[in-house]
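Coordinates in review
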Amino acid sequence: MAWRETRAAWRHFIYFLTCIALGVGAVVGIGLFAANVERAVTREARGLLGGDLEVRVSHRLSDSGQAVLQSLADRGIVISHASELVAMTAAIDDRQAGSNRVTQLVELKAVESNYPLYGTVHVEPSQPLTDLLMPSTNLCRLPSNSHALHPSPITLHAPCYGAVVQKSLLIRMGLSVGNRLKIGQATFLITGIIRKEPDRMANMFSLGPRVLISQQGLTATGLIKPESRVRERHLLKVPSSVELQPLLYEVRGRLAAESARVSSYREAQPQLKQFLDQLARYLGLIGLTALFVGGIGVSMSVQAFLREKLSSIAILKTFGAESHTIVFTYLGQGIGLGLIGSLAGVAVGVGLQWVLPTALAGLLDSNLLEQVEFSSSLSRASVLPILKGIGVGLFTTLLFTLWPLLSIRHVRPAQIFRRDIATGGEDTVGPLRGRWGTLRRWRSLEDRTRLMTATVIATGLVSLSIWQAGSWRIGLLFLGALAVAVLLLLIVAHALIKVIRLVSLPRAVSVRHAISNLQRPGSQTTGVIVAIGIGVMVIVAVGVLERSLIRQIGENRPTDAPTFFFIDIQPDQASGFSRLIHQQTGDLSPELTPLVRSRLHAINGQPVKVEEDSDKDHEKKDEKRKTWYFTREYVLTFGKQLPQNNIVTKGAWWKPGQTFSKPLVSVEEEAAKNLGLDIGSTVELEIQGATVTAEVSSIRKVDWGNFSTNFYMILSPGSLDGAPFTYVATVRVAPEQEVPLQQVVVAMFPNVTAINIGDVLDSFARILDRLSLAIRAVALFCVLAGGLVMAAALAATRYRRLYESVILKALGATRGLIARSFAAEFALMGAVAGLIGIVLASTLSWAVLHYIFDLPWSLQPKVLATGLALTIILTLIVGFLSTFRILGQRPLAVLRHE
């Protein structure tokens, strides 16, 4: 019976299949992407780290640390040294000596000749990296492409070093291969373009393009000074005969005094893994939302099909068929169709693998996502997301078809046959308004079957949410938020219908007919509003969040916020730097703040474990955050005045002219809470082997968004005398002074790095735009599912609309009048769904900003208006495509049939 019914009425199930396919496609697509990324990370783990083990420090290793590494090399372990830092580079134009040089902030990386230990650096031209980086006569004599008027080779007296750069650097500075750069005190010839760097740390935020040079070149730059901000990475390639884990613990112990972080390739790119895991989780929840919205369409399709099959059901019951037999027949039919829709969704999900890696690659400054590919051979990692998608699709089909199918039990043959005789075969829309109305109303709590079914549906939805989220908390929070949104949409939709019934209808025939269609029984208005409203809520909420964050951090920054941060200013450069800024700006002097780098050594006399145990992957987020406060590097400062926008919440700031018998420290409140510090507690800080013990005298609340130099710990004046320190300077200048000031600072102080706040905010905006684009792309499945639900609802009422339109035509109505009536109905439906959706989106975005980001919410009228307009347009398009054939039907053919 199920097969015959499906074969005879397959057109009725197009919306059914498409709704399931869309939802399953989103779930499978995200699941496969996450699995393929994990597989790529596992496959490229050693290359992503750069070795079997990595020793990372924020300073040059001491002689004892170098001795430890030398002892490892004596045991056959290959070691490669890489230094990473932020620096300024300036273009050299030999044709215009003394002209202003174009400058650019870059991420500099210096490597040794045996780099990389694993993987391959792909450069253009395809030559050994050593030949492109090392100083040689041939490099110095390369002709420059920019010297068309001077074809003779460049002759340099100083050593000439090579540099390979990202193409974006050439574009930003207007250079090409063969041009020269000045970095610090050294000159570099651009010898190639980096296409792939296997071990580049995957970060969403990058301060500038990559420049790759040799360690000899870095030494020549003179950039490495005491307390310079640099990441030193010592990469180890371990022979197969040496066990990795014991060696890891050995190196950690021997380098504990260096505050070194030692990790293995198994923990390569932990931040990348965490980010992609969270992104896949939340995108998967959006896909699940699309599946739930599609479930409404499935339910509507089943209802419409059952209405057309009432006579068949009555006949079957007349011949003795039990209700449960008919229910199981149509349930089997629904599950079969759900399987077909799920398989189609799997195809959609597989197709997404050609799009997602490319779309998300722009989020991370890494080549990893470019290596993500979907293997045609089904591995275990690929099969699991596919099986999960099919299971989710079948389970959703079961949940959303059970409820309408239960109404079959209340179909009475006598009512069907009597109605046919009394009405002469009138339309089959909205029959059995007594018992059939239980589909929409909870009239009988005594109906145990219906109560059990509701329990099964609720349990199933909760289980699906928790399964997809991978966390019962996130799953319940997601389903709770979705349930609240659906409930609000239902309440507003019902309230709208009741208000319409109370309001007098307008004179315009088309509008009057449209309003009547919205409120009549069987109109499916409520379901359509819920489905479209959910999709609009998700997409508009993402847009509001993105714009709010950009506006909060960019447009709402303080009017006195600095234009530049200048870092790595040496003590002997401070006075000269201040004079230079004063000369260039006329009367401004930079705000210089001393910086000292340190790590926690002890708290209240109890030693602190310096090395973070990276094996504790099972730790909760709060525990990891607390551990981070103990193991991180602290940048200290000392001063007399309380910094701007800092508020002392406990204790007292030191008084002007106060003498200190012992060092005092003021601690930021979150750091104090996680470290267990209070007034009177002692903190012992290690600074390059020496220790300073300070007593906590105050606890501060810090406004981290004020674009000033803020610190977790500030010590009293004189506490850090004798410690090696550098200065950071903040300067605020007019926009037209930014470029000249940056150029002259780089020329006079090559080791000083200039960070332009405007460029940083632009990068942040681009990242948010890419991230929101990826989320909106998946959220689009929700809107498409809502459009399909609307199409399914219109298909369910097609015969009623056809009958009404031909009656109107017979009474003199034109096609234009009927088309305007339909358009007004669809526009009203879209306007209501859009209005509710944007209100819910605003509420959701406010909750996220308030409770997660702790930022104020701002109204985004442009985003909200665009969301409302696009929703109305969507409903008009879907409505037109679903009903335009009705406008061409001739009244006589339909009325004769009646």
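The next subject is the overall build of the protein. In terms of helices and strands, the protein carries 28 helices and 21 strands. For the protein, the exposed surface amounts to about 41700 Å²; the carbon and sulfur share of it is 59%.

The tally for this structure, following the rule as stated, stands at 14 salt bridges. For Arg233, the salt bridge goes to Glu54, with nearest N and O atoms at 2.5 Å. In this pair, Arg233 sits in strand β9 (residues 231-237) while Glu54 sits in strand β1 (residues 53-57), placing the two residues 179 residues apart along the sequence. In this structure, Arg233 and Glu54 share a single accessibility class: buried. When the shortest N-O distance is used, the salt bridge between Arg210 and Glu197 registers 3.0 Å.

Attention shifts here to the environment of Lys309. Turning to its location among the elements, Lys309 is positioned in the loop between α10 (270-308) and α11 (310-318). Those residues in contact with Lys309 that sit more than four places away from it in its chain are Glu5 and Tyr330.

This part takes up α11. Buried residues of α11: Leu310, Ile313, Ala314 and Lys317, and no others. Viewed end-on, α11 has its buried residues packed into an arc of 100 degrees, placing them on one side of the element. One or two positions beyond α11, positive phi appears at Gly320, with a value near 105 degrees.

All right, on to the packing of helix α17 (residues 472-502) against helix α18 (residues 509-519) then. Put simply, α17 and α18 touch, their axes get as near as 9 Å, and they point 135 degrees apart. Here α17 is positioned oblique relative to α18, judged by the angle of their axes. Our pair here, α17 against α18, has a crossing hand that is left-handed. Judged by residue contacts, Ile497, Ile500 and Arg501 of α17 engage Ile515, Leu518 and Gln519 from α18. Class assignment of the residues belonging to the contact of α17 with α18 gives a composition of four nonpolar, one polar and one charged.

Extensive coverage of β1 is indicated by the burial of four of its five residues. Direction of pairing for β1 relative to strand β10 (residues 261-264): antiparallel, over a ladder of four bridges. Each residue of the ladder has a partner; that of Val55, found in β10, is Val262. The pairing of β1 with β9 spans five bridges and is antiparallel. Bridge pairing links Leu53 to Leu236 in β9.

By the element assignment, Arg4 lies in helix α1 (residues 2-8). For the pair Arg4 and Gln333, spaced 329 residues apart in sequence, the C-alpha to C-alpha distance is 9.7 Å.

This brings us to the packing of α11 against helix α12 (residues 323-352). At a minimum axis distance of 10 Å, the contact between α11 and α12 shows a crossing angle of 140 degrees. When the axes of α11 and α12 are compared, the pair comes out oblique. Crossing angle aside, the handedness with which α11 passes α12 is right-handed. Of the residues in α12, those touching α11 at Ile313, Leu316 and Lys317 are Ser323, Ile326 and Tyr330. Of the residues belonging to the contact of α11 with α12, the class tally is four nonpolar, one polar and one charged.

So, about the side chain of Asp52. Considering the arrangement of structural elements, one finds Asp52 in the loop between α3 (45-49) and β1. Polar side-chain contacts of Asp52 include one of 2.7 Å to the backbone nitrogen of Val238. Once residues within four sequence positions are removed from consideration, Asp52 is found in contact with Arg46, Tyr118, Leu236, Lys237, Val238, Leu244, Ser263, Ser264 and Tyr265.

With that settled, the discussion passes to the confidence of the model for the protein. Looking at the protein as a whole, the pLDDT averages 77, with 80% of positions reaching at least 70. Across residues 421-446 the pLDDT falls below 50, and counting only partners more than four positions away or on other chains, this stretch makes 48 contacts in the model. Contacts of residues 610-619 to residues separated by more than four positions or lying in other chains number 23 contacts, the stretch itself having pLDDT below 50.

To continue, consider unusual backbone geometry. Between Tyr115 and the following residue, Pro116, the backbone shows a cis peptide bond with an omega angle of -5 degrees. Among the secondary structure elements, Pro116 is positioned in the loop between β3 (103-111) and β4 (122-124). At Asp568, a position not held by glycine, the phi torsion is positive, near 65 degrees. Its location among the elements puts Asp568 in strand β11 (residues 564-569).

This part covers the nonpolar core. The biggest cluster of nonpolar side chains holds 101 residues, and the ones touching the most others in it are Ile286, Phe292, Tyr330, Leu405, Ile408 and Ile529. When residues in this core are grouped by element, the largest group, 15 residues, is from α10. Once residues within four sequence positions are removed from consideration, Ile408 is found in contact with Leu306, Ile313, Lys317, Ser323, Ile326, Val327 and Tyr330. In terms of nonpolar packing, the next biggest core, distinct from the first, is built from 59 residues, Trp654, Leu675, Ile699 and Val728 among them.

This part takes up the environment of Tyr634. Tracing the backbone shows Tyr634 in strand β14 (residues 633-638). In the structure, Tyr634 is positioned 36 residues away from Ser598 in sequence and 5.2 Å away in space, judged by C-alpha atoms. When sequence neighbours within four positions are dropped, the list of residues in contact with Tyr634 reads Val596, Arg597, Ser598, Leu600, Tyr629, Leu675, Tyr712 and Met713.

With that out of the way, let us pick up the packing of aromatic side chains. Scanning the entire structure with this criterion turns up 11 aromatic pairs. Both rings, one in Phe564 and one in Phe566, keep their centres 5.3 Å apart while their planes meet at 25 degrees; by these two values the pair is stacked. One exposure class covers both Phe564 and Phe566, and it is buried. When the centroid spacing of 6.1 Å and the interplanar angle of 90 degrees are considered together, the rings of Phe638 and Phe725 count as edge-to-face. Separated by 87 residues along the polypeptide, Phe638 in strand β14 and Phe725 in the loop between β19 (713-715) and β20 (726-731) bring together distant segments of the chain. Aromatic ring contacts, followed pair by pair, group Phe564, Phe566, Phe577 and Phe749 into a single cluster. Positioned over the ring face of Tyr118 is Lys237, at 5.1 Å from the centre of the ring.

Looking now at a nonpolar patch on the surface. Together, Leu870, Ile873, Ile877, Phe880, Leu881 and Phe884 give the surface a local cluster of nonpolar side chains, amounting to about 610 Å² of exposed area. Structurally, Leu881 is set in helix α27 (residues 861-887).

Moving on, we get to helix α23 (residues 738-748). Leu741, Gln742, Gln743, Val744, Val745 and Val746 are the residues of α23 that are buried. Elements in contact with the buried residues of α23: β2 (78-92), β3, β11, α20 (574-585), β20 and β21 (753-756).

Another point: the side chain of Ser719. Note that Ser719 resides in the loop between β19 and β20. Judged by relative accessible area, Ser719 falls into the buried class, the value being 12%. Within polar-contact distance, the side chain of Ser719 engages the side chain of Ser716 at 2.8 Å.

Procedures and definitions
Residues numbered from 1 in each chain as written. Predicted model: local features only at pLDDT ≥ 70, side-chain atom pairs only at ≥ 80, totals over all residues. Heavy atoms only, no water. Helix = DSSP H or I, 4+ residues; strand = E, 2+ residues; numbered from the N terminus. Areas by Shrake-Rupley, 256 points an atom, 1.4 Å probe, with all protein chains shown as cover. Salt bridge = Lys/Arg side-chain N within 4 Å of Asp/Glu carboxyl O. Buried < 20%, exposed > 50% of the residue type's maximum accessible area, 1.4 Å probe, protein only. Contact = heavy atoms within 4.5 Å. Arc of directions from axis to C-beta. Axes fitted to C-alpha atoms, helices over the stretch in contact; angles between N-to-C directions. Parallel < 35°, antiparallel > 145°, perpendicular 65-115°, else oblique. Left-handed = near helix turned anticlockwise from the far one by under 90°. Nonpolar A, V, L, I, M, F, W, Y, C, P; charged D, E, K, R; others polar. Pairing = 2+ DSSP bridges. Polar contact = N/O pair within 3.5 Å; in protein donor to acceptor, adjacent residues only side chain to side chain. pLDDT = per-residue confidence, 0-100. Core = buried A, V, L, I, M, F, W, Y, C linked by side-chain atoms within 4.5 Å. Phe/Tyr/Trp six-rings, centres within 6.5 Å; stacked < 30°, edge-to-face > 60°. Lys NZ or Arg CZ within 6 Å of the ring centre and 35° of its normal. Patch = residues over 30% accessible without salt bridge, like charges linked within 9 Å, V, L, I, M, F, W, Y side chains within 5 Å.

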